[in-house]
Amino acid sequence: MSIHDSPGDAVSIEARHVTRRFKDTVAVNSVSLSLARDQIHGLLGRNGAGKTTLMSLLTAQDWPTEGEVRIFGQSPYENEQVMPSICFVREEQRYPEDALARHAFRAASEAFPLWNEELAQRLIADFRVPMKTRIKKMSRGQKSAVGVIIGIASRAPITFFDEPYMGLDAVARQLFYDRLLEDYSAHPRTIVISSHLIDEIAHLIENVVVIDDGAILVDESAEELRDRAVTVVGRADAVAQVVGNREVLHQEELGRMVRMTVLGALSEQERQLVRKLDLDLVPVSLQQLIVHLTRRADRTEPVGAGVSMDAALSDDLTLEDRR
Ligand SMILES: Nc1ncnc2c1ncn2[C@@H]1O[C@H](COP(=O)(O)OP(=O)(O)OP(=O)(O)O)[C@@H](O)[C@H]1O
């Protein structure tokens, strides 16, 4: 029995007050995080927020300046039980000078005990990976496809994808999402994806982690997060009546019609009003919500000292309170 088979442990990776400094830059600032096992986590944040650094720490590819990372309850460093459980697909993966795709796949098949060759072959055909071209000479999208295939076919109990879509066209990205979800459903494991294309991966992710300026801003289920805001569509005067003085995240107008996304769930009474006024409620876009939260954090100091998203999103605050 390998360590990830051990029953009862709901957490696959835990970070305790993890800090990573590079000279004057604090890339990750006292982050504490527990990643539930067998879920797909989205790691989101702006450029330079600390995503790649945090991923390197959580996969034990890098050492924290302070704090501790535990994987399946163990210290991962030079731990031969833990390391084969982790596959980290980086944006800029380096391969040996003369390597062909088959060399990379063979190395992965040797490194990851749960590697599935049949799945790998199917993905190679799906992504049309040229098998006779050196990886170095491949296009960006083809290189990304090699990484994505390794990430999926490794079936590693912990798989990280750091912006895996670089250079992949829309068809190939969709293929990646579909194949990942298919294989994850049949073989659940812990997956962490960092991406700027939030709405593209929104349907995949079950838990959302947002990092900003090295600190965790949001760590909650995608469902809970979505429930914190609502989009109301219909006649402008009727929409205004329903949303009251809630904070507006986004608004689009088309003549007398308006589509307004506001913070704060609707009460049953307000839902009745929505029906009476013939308005529509549509699910809120995760991207809009996260863009808003990140912008808010930029305006509100200091994030690390407890200006939590709970406060930012609290239904109890009036617009005036928030200013
Ligand atoms: N090796 C390094 N040496 C010095 N500074 C670094 C190093 N790696 C990262 N940083 C700094 O740490 C901060 C976080 O970088 P990181 O690459 O983790 O961000 P990111 O969220 O992945 O960004 P992006 O979305 O642009 O890829 C940045 O300010 C970056 O300049």
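Rules behind the numbers
- Residues numbered from 1 in each chain as written.
- Predicted model: local features only at pLDDT ≥ 70, side-chain atom pairs only at ≥ 80, totals over all residues.
- Near = placed C-beta within 6 Å.
- Helix = DSSP H or I, 4+ residues; strand = E, 2+ residues; numbered from the N terminus.
- Nonpolar A, V, L, I, M, F, W, Y, C, P; charged D, E, K, R; others polar.
- pLDDT = per-residue confidence, 0-100.
- Contact = placed C-beta atoms within 7 Å.
- Pairing = 2+ DSSP bridges.
- Axes fitted to C-alpha atoms, helices over the stretch in contact; angles between N-to-C directions.

K.L.:
What is the right way to read the site of the ligand from this model?
P.N.:
What surrounds the ligand is the set Phe22, Thr25, Ala27, Gly45, Asn47, Gly48, Ala49, Gly50, Lys51, Thr52 and Thr53. Per-element tally for the shell around the ligand: the top contributor is helix H1 (residues 51-58), with 3 residues. Of the residues contributing to the shell around the ligand, the split by class is 3 nonpolar, 7 polar and 1 charged.

K.L.:
When you look at the confidence of the model for the chain in this model, what are you seeing that I'm missing?
P.N.:
Atomic detail in the predicted coordinates should be set aside for any region of low pLDDT. Scored by pLDDT, the chain has a mean of 88; 90% of the residues are at 70 or more. When the criterion is pLDDT under 50, residues 301-323 qualifies, and its contacts beyond four places in sequence or with other chains add up to 24 contacts. Quick note on the complex model: pTM equals 0.85, ipTM equals 0.98.

K.L.:
Explanation requested: the pairing of strand S9 (residues 215-221) in the structure shown.
P.N.:
Successive residues of a regular strand alternate their side chains across the two faces of the sheet. Direction of pairing for strand S8 (residues 207-212) relative to S9: antiparallel, over a ladder of 6 bridges. Across the sheet, the residue bridging to Asn207 is Ser221, located in S9. What sits between S8 and S9 in their antiparallel hairpin is a turn of 2 residues, with Asp213 showing a positive phi close to 50°.

K.L.:
Would you mind going over the sheet that holds strand S10 (residues 229-235) with me for this structure?
P.N.:
Sheets are built from strands that pair by backbone hydrogen bonding, the pairs being arranged parallel or antiparallel. Across the sheet, 4 strands lie side by side as S11-S12-S10-S13; this open sheet has antiparallel pairing. With partners counted over all chains shown, the strands left at the sheet margins are strand S11 (248-254) and strand S13 (280-282), one partner each. This sheet shows a mean twist of 20° between the axes of neighbouring strands, independent of strand direction. Here S10 pairs with S13 via 3 bridges, running antiparallel. Paired with Thr231 across the bridge in S13 is Val282. Where helix H8 (residues 236-243) meets the sheet, its contacts fall on S10 and strand S12 (257-263), and the angle it forms with S10 comes to roughly 150°.

K.L.:
Mind showing me how you'd approach the sheet that holds strand S4 (residues 66-71) here?
P.N.:
On the basis of which strands lie adjacent, the open sheet formed by 3 strands has the order S2-S1-S4 and antiparallel pairing. In this open sheet, the two strands that pair with only one neighbour each are strand S2 (25-36) and S4. Within this sheet the neighbouring strands show an average axis-to-axis angle of 15°, counted without direction. Here strand S1 (residues 11-22) pairs with S4 via 5 bridges, running antiparallel. Each bridged residue has a counterpart across the sheet, and for Glu14 the counterpart in S4 is Arg70. Set on the sheet, H1 makes contact with S1, S2 and S4; between it and S1 the angle comes to about 125°.

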